[in-house]
Amino acid sequence: MTRHLLPLALAAAIAFPAMAGATDLPTPPRIIVSGEGEATVAPDLAVLTLSVMREAKTARAALDANNDAMAAVIAAMKSAGIKDRDLQTAGIQINPRYNYTNKPDGSQEAELIAYQVTNTLSVRVRDVDKTGEILDKAVSLGVNQGGGIAFTNDNPAATVSEARKKAVANAMAKAKTLAEAAGVSLGKVLEITDQNIAPTPMPINAKAFDAAGAAAPVQAGENSYNVQVTVTFELK
């Protein structure tokens, strides 16, 4: 048994020093640069966040009033062509409201005044041109809390790919300039990492539409998709 194990032990003893020597090799020279790319496209989807708040002496009464108002809003959304899959309850909150009175000893006495119930609905509008009309209907039927609107794209993959290509081209141009200035040549690409930056939602205030006689004026504009990349090149 010992005779068979001895050659294996000698082989292992020879292999380990070789591997240790390989890890001690110096890191080849390299350059790390960042690049940015941007591509724009018209939005084809609007996402609205609409909230209804109702107040009453009891939580039950406040919830009933809120349910009636939100049911009317949902019915209006459906009549405007919004499908069930594009309507989603984002949250329901029931909060007591107190009136605080200062007492002579410096403390406060809390008196329960009412209960507030807020129901928030997320609506995806696939016909962007109807966004203003749908906002106007929602406010007329009971939406009375500030929400949000985001113009986005159902499938922005092609636009993001265009931005990514521009970002890589930008990084390569930077690396070439730096290498030429340093009197060296670029080698192969060793690593690429990227980060997408999507458009951010814009806030809206439902009260701004209270007196609107027609559809709320809404401009969709263009969405800008940004990509940042970091590229590591080998230097020769």
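Residue numbers here run from 1 along each chain, matching the order of that chain's written sequence. Restriction of local features to residues with pLDDT of at least 70 applies here, the model being predicted, together with a cutoff of 80 or more for giving and counting side-chain atom pairs; totals for whole chains, interfaces and linings are based on all residues. Think of the side-chain values as coming from all heavy atoms in the structure, minus any hydrogens and water.

Draft legend 1. The overall build of the protein chain, seen in detail. Strands are runs of DSSP state E lasting at least 2 residues, helices are runs of H or I lasting at least 4, and numbering of each runs from the N terminus. Secondary structure summary: the protein chain contains four helices and eight strands in total. Secondary structure elements of the protein chain, listed N to C terminal, follow the sequence α-β-β-α-β-β-α-β-α-β-β-β. A simple rule labels every residue: compare its accessible area, found with a 1.4 Å probe on the protein chains alone, to the largest value its type can have, and call it buried under 20%, exposed over 50%, or partly exposed in between. For the protein chain, buried positions account for 29% of its 236 residues. Sequence separation of 24 or more characterises 85% of the internal contacts of the protein chain that already satisfy a separation of 6 or more. Per element, the accessible surface of the protein chain, about 14700 Å² overall, is 55% carbon and sulfur. In what follows, residue pairs with any heavy atoms lying within 4.5 Å of each other are defined as contacts. Here the accessible surface of atoms and residues is derived via Shrake-Rupley with a 1.4 Å probe, and residues count as covered only by protein chains that are part of the display.

Draft legend 2. Fine view of the environment of N102. Turning to its location among the elements, N102 is positioned in strand β3 (residues 87–102). Beyond its immediate chain neighbours, meaning those up to four positions away, N102 contacts S107 and Q108. A distance of 3.1 Å separates polar atoms of two side chains, one belonging to N102 and the other to Q108. Polar contact is defined as a pair of N or O atoms within 3.5 Å, subject to the rule that within protein one atom must be able to donate a hydrogen and the other to accept it, and that residues adjacent in sequence are counted only when both atoms are side-chain atoms.

Draft legend 3. The confidence of the model for the protein chain, seen in detail. Overall, the predicted model of the protein chain reaches an average pLDDT of 83, with 81% of residues at or above 70. Averaged pLDDT values for the elements of the protein chain fall to 48 in helix α1 (residues 2–23) and rise to 95 in helix α4 (residues 157–182). Confidence drops under pLDDT 50 across residues 5–16; counting only partners more than four residues distant or on other chains, this segment forms one contact. Predictor confidence is given residue by residue as pLDDT, running from a minimum of 0 to a maximum of 100. Under a pLDDT of 50 for its full length, residues 206–212 has, in the predicted model, eleven contacts with residues more than four places off or in other chains.

Draft legend 4. Representation of helix α3 (residues 131–140) within the structure. Counting buried positions over the ten residues of α3 gives seven, a clear majority of the element. Of the residues making up α3, those classed as buried are T131, G132, I134, L135, D136, A138 and V139. Looking at the residues trailing α3, positive phi occurs at G142, about 140 degrees.

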